[in-house]
Amino acid sequence: MRASLVLALALSFVGPSIQQSAPSFKEVIATQKNLTSFNETLTKYYPDLLTYIGAQTSSNPITVLAPSNAAFAKTTYYSVIGPAFSNKDVQAIRNIMTYHVVTGNHPSTALLPTFQYFPTWLSNSSWTNVTNGQRVGAVMQRGTEMIWTSGISNRSPVIAQDISFAGGTIHIVDSLLIPPTSFPMTAELFSGAAEPYQLTSFLGATNYGASQPNATGASLARYLNTTGDLTLFVPNNAAMESVRDAVTSLSSNSDAFDKLLKYHIVQGKGGPWHSTMFNESDNTLEPISGGSLTVTFSSNSYFVNGARLLTSDLLIDGGVMHVIDNVLSPDNIVKPNPSLATQVPALSTGANFNISAAPFTTWLPNTIDTRRPTATAGYTGNGAAGTTSYTGSSSAATGTKKSAGVRVAPVTSEKSSWVVITSLVGVLMMGLGAVVL
């Protein structure tokens, strides 16, 4: 009995000692041979960020998605974020780095075989407009393969999992995360994909609607680019083309057309609404047009009213969008028929169908109005330790999904008038570059 008591007392002292002796963030990344570029970047250019990450404790843990040396070596070949590295834009790279810090501790044992979405430290209003920090997705595939997803459905596989430090967990990724882009840029990027995911018709409609007088007097295009916590249900080009006559006729009535478009948009109300937040019974959402949308789950697919979600959870800087196979109508609420591959349109259909003739595609925006009424700095380091502040939720996942759902493989074909597109020669040389800070 006496020996047992002595042993118990000894262990009570050893436990806290072991916890206090956990390596610091600086110590861990300094000893990881595959993180020399990441370590050098933080140490040389962002010592304040390095210090702030290191100051986190087990009571307020974080998860750091640390880019490998190979990830840094190909920075200039990334679309969207590549120009930041090519131009040595220190402030832009700072925001990219903060997007790699996830609120909460998320070791491999805590992740699921279906997607979860977590807030990050990226909260600078020039880069994101999502409450508590821009989201990033995570999934464990086949039990051992950890994948993190970011803007334009970019996938960042983890090549080294569960490296512990005093303030949480590090996962080494072999591809940088890409902060989500605006709705117009994301829609344009996906329009280089296969027909089911082309979105330029709805994008053009929002821009066309903005050019017409309407009841609210506000620009819908600007609203989509400047408003936070949005959930968009975006009909693909095929859906828009199937009801071309109806929507083009409706566009002559600015109030009715405005209402139709806004029926596809949900703002706030606990959102942005990722598919993981939907339960498998009825979910009711309130679009900005008024009325309601009903999200249901059947036959391994989500439906919003009578439209099937073709792909879900595409991150945008103001929230999330889901691609659907039907145009929703506030005046004709259609229930889904899961046995049909393509749902019955809620609006009247035309006699001739031509996907290349999808309406409003000539109204794509040349510029993106991203002026926001207020600005928040989020992470605002000035290079000195102890002078930084972050905003962000300490929450974990935004939900769990009970079924595999409708997630699709990421798009690899990209096209945009606003980003630098990598040349074939550049792609072939990927990996030969060096860190260019």
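See the structure shown above.
Residues numbered from 1 in each chain as written. Predicted model: local features only at pLDDT ≥ 70, side-chain atom pairs only at ≥ 80, totals over all residues. Heavy atoms only, no water.

**Student:** Before we go on, may I ask you to explain the packing of helix α3 (residues 36–45) against helix α4 (residues 47–54) in this structure?
**Tutor:** Each pair of packed helices gets described by two things: the angle between the helix axes and the distance between those axes. Axis separation between α3 and α4 bottoms out at 5 Å; the angle between their running directions is 110 degrees. Between α3 and α4, the angle is such that the two are roughly perpendicular. Across from Leu42, Thr43, Lys44 and Tyr45 in α3, the residues of α4 making contact are Pro47, Leu49 and Leu50. (Axes fitted to C-alpha atoms, helices over the stretch in contact; angles between N-to-C directions. Helix = DSSP H or I, 4+ residues; strand = E, 2+ residues; numbered from the N terminus. Parallel < 35°, antiparallel > 145°, perpendicular 65-115°, else oblique. Contact = heavy atoms within 4.5 Å.)

**Student:** Looking at this structure, I do not really get the nonpolar core. What am I missing?
**Tutor:** In globular proteins that are soluble, nonpolar side chains generally tend to be buried together. The biggest cluster of nonpolar side chains holds 34 residues, and the ones touching the most others in it are Phe25, Phe38, Val64 and Ile170. The element best represented in this core is helix α7 (residues 90–98), accounting for 4 residues. Setting aside residues up to four positions removed in sequence, Val64 forms contacts with Phe25, Phe38, Ile53, His100, Phe165, Thr169, Ile170 and His171. Of all hydrophobic cores here, the second largest spans 28 residues; its members include Phe190, Val234, Val243 and Phe257. (Core = buried A, V, L, I, M, F, W, Y, C linked by side-chain atoms within 4.5 Å. Buried < 20%, exposed > 50% of the residue type's maximum accessible area, 1.4 Å probe, protein only.)

**Student:** Before we go on, may I ask you to explain α7 in this structure?
**Tutor:** Two residues of an α-helix separated by three or four positions point the same way, owing to the 3.6 residues in each turn. Burial analysis of α7 places 7 of its 9 residues in the buried class, the great majority of the element. Of the positions making up α7, those classed as buried are Ala92, Ile93, Arg94, Asn95, Ile96, Met97 and Thr98. The inward-facing, buried residues of α7 abut α3, α4, α5 (69–73), α6 (82–86) and β2 (101–103).

**Student:** Whenever I open this one, the sheet that holds strand β13 (residues 307–316) confuses me. Can you help?
**Tutor:** To summarise the sheet geometry, strands pair through backbone hydrogen bonds and adopt either a parallel or an antiparallel arrangement. In spatial order, the strands read β9-β8-β14-β13-β12-β11-β10; together these 7 strands make up an open sheet with mixed pairing. Two strands in the sheet have a free side with no partner beyond their single neighbour: β9 (265–267) and β10 (283–285). Looking at each pair of strands side by side, their axes are set apart by 30 degrees on average, direction ignored. In this structure, β10 lies alongside strand β11 (residues 293–298), joined through 3 bridges in antiparallel fashion. Paired with Leu285 across the strands is Leu293, a residue of β11. Contacts between helix α8 (residues 183–190) and the sheet are confined to β8 (230–235), β13 and β14 (319–324), with β13 contributing the most and set at about 120 degrees to the helix. (Pairing = 2+ DSSP bridges.)

It is worth stressing that arrangement in space is one thing and function is another; only the former is reported here.
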